[in-house]
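Observations on chain architecture
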Amino acid sequence: MIKVNEMKFATNLGVLFALKEEHKLKTLQETYQLLEQTDIDLIFEVLCISYNKANKVNMSQDEFAEFLADNNIGFVKMTSIFKDIVEDLMFNGMSPEEVEAQKNALANLMKK
């Protein structure tokens, strides 16, 4: 879980499964591929799902949009929160050292 301006966002597998269900995907691999698209609509959707999960509420996307506006969260901040959510989804439960090692391994893999 991450906190931004006292707002909690879930970063557990429940977020992935909710996204998978919402898009009627068959596998988590497809869900991860969807996350790679990172268009603003998907970013907004992930933030809404994550917020709802963390706070055990069921805000509609319209209500969530108003909530973000009331809390002065703009596009750039939304993108930053999304990045943090996805990163925490990937590395949840790992020590900072393990996270750094995995990031380095992924970076080296991408260079090949």
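Before any of the text, the structure's been laid out above.
Described below are features of the structure shown in this document. Just so you know, these numbers come straight off a predicted model, no measurement behind them.

**A closer look at the packing of aromatic side chains**
Per the stated rule, a full pass over the model turns up five aromatic pairs. Ring centres 5.8 Å apart and planes at 65° place the aromatic pair F9 and Y51 in the edge-to-face group. Of this pair, F9 sits in strand β2 (residues 7-9) while Y51 is found in helix α3 (residues 40-55), placing the two residues 42 residues apart along the sequence. Taken individually, F9 and Y51 each receive the classification buried, so the pair is uniform in this respect. Taking 5.5 Å as the distance between ring centres and 55° as the angle between the ring planes, the aromatic pair formed by F44 and F64 counts as tilted.

**Looking at α3**
If you check α3, its first and last C-alpha atoms are 22 Å apart, about what 16 residues at 1.5 Å a residue would give, namely 22 Å. Within α3, twelve of the 16 residues are buried, which leaves the element mostly enclosed by the surrounding structure. The set of residues buried in α3 consists of L42, I43, F44, E45, V46, L47, C48, I49, S50, Y51, N52 and A54. Residues of α3 that are buried in the fold lie against β2, α1 (13-22), α2 (28-35), α4 (61-70) and α5 (75-91). K56 lies just past α3 and shows a positive phi near 50°.

What counts and what doesn't
- Residues numbered from 1 in each chain as written.
- Predicted model: local features only at pLDDT ≥ 70, side-chain atom pairs only at ≥ 80, totals over all residues.
- Heavy atoms only, no water.
- Phe/Tyr/Trp six-rings, centres within 6.5 Å; stacked < 30°, edge-to-face > 60°.
- Helix = DSSP H or I, 4+ residues; strand = E, 2+ residues; numbered from the N terminus.
- Buried < 20%, exposed > 50% of the residue type's maximum accessible area, 1.4 Å probe, protein only.
- Expected span 1.5 Å × (residues − 1).
- Contact = heavy atoms within 4.5 Å.

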